[in-house]
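Breakdown of the fold
Okay, here's what each chain looks like letter by letter:
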Amino acid sequence: MSRPIKYIAIFILVGLLVLIRFFEDSLFYDPYLTFFENDYLYVDSPRREVAKLVGFTTLRFVLNTLISLAILFLVFKDKSIIKFSGLIYVIAFVVLMMCYLYFVINPKQEDYYLFFNIRRFLIQPLILIVLLPAFYYHKIKK
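Below is a summary of the structure that appears in this document. (Residues numbered from 1 in each chain as written. Predicted model: local features only at pLDDT ≥ 70, side-chain atom pairs only at ≥ 80, totals over all residues. Heavy atoms only, no water.)

**Description of the overall build of the protein chain**
Helix and strand counts for the protein chain come out as seven helices and zero strands. For the protein chain, the spread of C-alpha atoms along the three principal axes comes to 50 × 30 × 25 Å. Across the 142 residues of the protein chain, 37% fall into the buried class. As presented, the protein chain carries roughly 9,000 Å² of accessible surface, and 70% of it is formed by carbon and sulfur atoms. If you average the places of the 16 positive and of the 10 negative side-chain charges in the protein chain, the two averages end up 17 Å apart. (Helix = DSSP H or I, 4+ residues; strand = E, 2+ residues; numbered from the N terminus. Buried < 20%, exposed > 50% of the residue type's maximum accessible area, 1.4 Å probe, protein only. Areas by Shrake-Rupley, 256 points an atom, 1.4 Å probe, with all protein chains shown as cover. Lys, Arg positive; Asp, Glu negative; His and termini not counted. Charge placed at Lys NZ, Arg CZ, Asp CG, Glu CD.)

Next up, the structure:
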């Protein structure tokens, strides 16, 4: 793949990540979007449908993961990096989703900050932001 096409593809994939974030209100069911935008430390957790919330959070995580893996593939062209990243994403999903479910089912005001950050890792492509420089550093040290 030529360099300009590679950069255009990466730009399009990053654009998809931005579009997911931009249209999150209309694409995904998440009562915590407005909850965490407001003064959440002084109000109760919003009413929610747990199964629907978990389903849409999973969908968003999967979309972000697939786009992130495509970006990693375009940047590094190494299948072993993609396999390892996929494993990291699966482990992260299981661990984060268990914590997320705990906080959704047992909301306590003193746990809102931790819940906010766990939720952030599930709905935003933060793992990509960690993996890109890590693999780049590994590549230049090799």
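**As for the pattern of salt bridges**
In the structure shown here, the tally under the stated rule is two salt bridges. Across the salt bridge formed by Arg-21 and Glu-24, the nearest N and O atoms sit 3.4 Å from each other. Given a relative accessible area of 8%, Glu-24 falls into the buried group. Measuring nitrogen to oxygen at the nearest pair gives 2.7 Å for the salt bridge that ties Glu-24 to Arg-60. Of this pair, Glu-24 sits in helix α2 (residues 24–27) while Arg-60 sits in helix α4 (residues 50–76), and the two are 36 residues apart along the sequence. Residue classification places Arg-60 among the buried positions, given a relative accessible area of 2%. Here the salt bridges do not stand alone but share partners, grouping Arg-21, Glu-24 and Arg-60 into one network. (Salt bridge = Lys/Arg side-chain N within 4 Å of Asp/Glu carboxyl O.)

**Notes on the packing of aromatic side chains**
In the structure shown here, the tally under the stated rule is eight aromatic pairs. Where Tyr-100 meets Phe-115, the ring centres are 5.5 Å apart and the plane angle is 35 degrees; that geometry is what we call tilted. With Tyr-100 in helix α5 (residues 79–105) and Phe-115 in helix α6 (residues 112–123), the pair connects residues that are 15 residues apart, well separated along the chain. With relative accessibility at 0%, the residue Tyr-100 sits in the buried group. (Phe/Tyr/Trp six-rings, centres within 6.5 Å; stacked < 30°, edge-to-face > 60°.)

**Details of the environment of Thr-65**
Of note, Thr-65 is situated in helix α4. Put simply, Thr-65 and Tyr-89 are 24 residues apart on the chain and 7.1 Å apart in space, counted from C-alpha to C-alpha.

**Section: helix α1 (residues 3–22)**
Its 20 residues give α1 an end-to-end C-alpha distance of 28 Å, which sits within 8% of 28 Å, the value for a rise of 1.5 Å per residue. Along α1, the residues classified as buried are Ile-10, Leu-13, Leu-17 and Ile-20. With its buried residues spanning 75 degrees around the axis, α1 presents them on a single face. Turned more than 90 degrees away from the buried face of α1 sit Pro-4, Ile-5, Ile-8, Phe-11 and Phe-22, all of them exposed. Tucked into the core, α1 has its buried residues touching α2, α4 and α7 (126–141). (Expected span 1.5 Å × (residues − 1). Arc of directions from axis to C-beta. Contact = heavy atoms within 4.5 Å.)

**Focus: the nonpolar core**
In terms of nonpolar packing, the biggest core is built from 31 residues, with Leu-72, Tyr-89, Tyr-100 and Leu-122 touching the most fellow members. Residue assignment for this core shows that the elements contributing at least two residues are α1, α4, α5, α6 and α7. With residues up to four places along the chain from it excluded, the contact list for Tyr-89 reads Phe-61, Thr-65, Ser-68, Leu-69, Ile-127, Leu-128 and Leu-131. (Core = buried A, V, L, I, M, F, W, Y, C linked by side-chain atoms within 4.5 Å.)

**Some points on the packing of α5 against α7**
Viewed as axis vectors pointing N to C, α5 and α7 meet at an angle of 145 degrees, and their least axial separation amounts to 12 Å. For α5 against α7, the interelement crossing comes out right-handed. Between α5 and α7, the residues in contact are Ile-81, Phe-84, Ser-85, Ile-88, Tyr-89 and Ala-92 and Ile-127, Leu-128, Leu-131 and Phe-135, respectively. Looking at the contact of α5 with α7, its residues break down into nine nonpolar, one polar and no charged. (Axes fitted to C-alpha atoms, helices over the stretch in contact; angles between N-to-C directions. Left-handed = near helix turned anticlockwise from the far one by under 90°. Nonpolar A, V, L, I, M, F, W, Y, C, P; charged D, E, K, R; others polar.)

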